[in-house]
Amino acid sequence: MNPTHPTDHDASDPQGSFRALLRTQRVWDISLPSFDPAAAPGAPLPLFHRWFAEAVAAGQSEPHTMTLATVDEHGRPDVRTLMLHDADDEGWHFASHSTSTKGRQLAARPEAALGFYWAAQGRQIRLRGPVVTAASTQSQADLHARSTGALAAALTGRQSDVLGSLEELARVSQAAWERAESEPDAPVPTWTLYVLQPREVEFFQGDARRQHVRLRYRRDGEGVWEGELLWP
């Protein structure tokens, strides 16, 4: 098999075929921006805002998506991709049903980590810290400021529950869409806005020669941010 042709495969050796395909993949075969941590602001939020805008300008697909890591009642990690709703002085905002898996995990252990990866510029941002819930009025306002589709999905509910069939999903989803269109302010009591208040935020700038630049902000006991460089 010629590993330079990713569509080629050997049906008799699927594992070998996968490994060959995996090893043909490359990262950062593009011109990457530079990052001078000495010129970074004293707190992470302004730098996050700047990098987000630069990711959008660079054509990064869905830069507002991120990974959220939580732990279950046994301390086992869990991770999923979801959307950022805001990033301000309160923290980094996201939302879900309080009855979902992530909602139950956060209720039991209100600590989490977030990760952004913007391949268009070889950049990552990682955050860790406690998570608080916003007031119900703020959570509902967040939901109703979004699209009809977002409201329909929230009205469908049952997130993370076992689904009996795709036909059932289609039926319930259609009813939710119809209600969202006719009642754009329909309440969803379990919809909850969460805010991660980071203790640590790391900015990672990739380098083609693997001389990656990593700047980590850490908040001290007085709430003051301190920056430090990390080895790649």
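Before reading further, recall that the structure is shown in the block above.
So, here is what we can say about the structure in this document.

**A look at the side chain of Thr156**
For Thr156, the location among the structural elements is in helix α5 (residues 148–156). Residues in contact with Thr156, not counting those within four places in the same chain, are Val172, Ser173 and Ala176.

**What to know about the pattern of salt bridges**
Counted by the stated rule, this structure contains 13 salt bridges. In this structure, the salt-bridge partner of Arg128 is Glu200, at a minimum N-O distance of 3.3 Å. Note that Arg128 is positioned in strand β6 (residues 123–133) and Glu200 in strand β8 (residues 200–205), a separation of 72 residues in sequence. A salt bridge links Arg218 to Glu200, with the shortest nitrogen-to-oxygen separation between them at 3.9 Å.

**Section: the pairing of strand β1 (residues 65–71)**
Across the two faces of β1 the burial differs, with Met66, Leu68 and Thr70 buried and Thr65, Thr67, Ala69 and Val71 not buried at all. The sheet contact formed by β1 and strand β2 (residues 77–83) spans seven bridges and is antiparallel. Bridge pairing in β2 links Met66 to Leu82. Summarising the sheet, β1 and strand β5 (residues 111–118) pair through three bridges and their orientation is antiparallel. Of the residues in β5, the one forming a bridge with Leu68 is Leu114.

Rules used throughout
- Residues numbered from 1 in each chain as written.
- Predicted model: local features only at pLDDT ≥ 70, side-chain atom pairs only at ≥ 80, totals over all residues.
- Heavy atoms only, no water.
- Helix = DSSP H or I, 4+ residues; strand = E, 2+ residues; numbered from the N terminus.
- Contact = heavy atoms within 4.5 Å.
- Salt bridge = Lys/Arg side-chain N within 4 Å of Asp/Glu carboxyl O.
- Buried < 20%, exposed > 50% of the residue type's maximum accessible area, 1.4 Å probe, protein only.
- Pairing = 2+ DSSP bridges.

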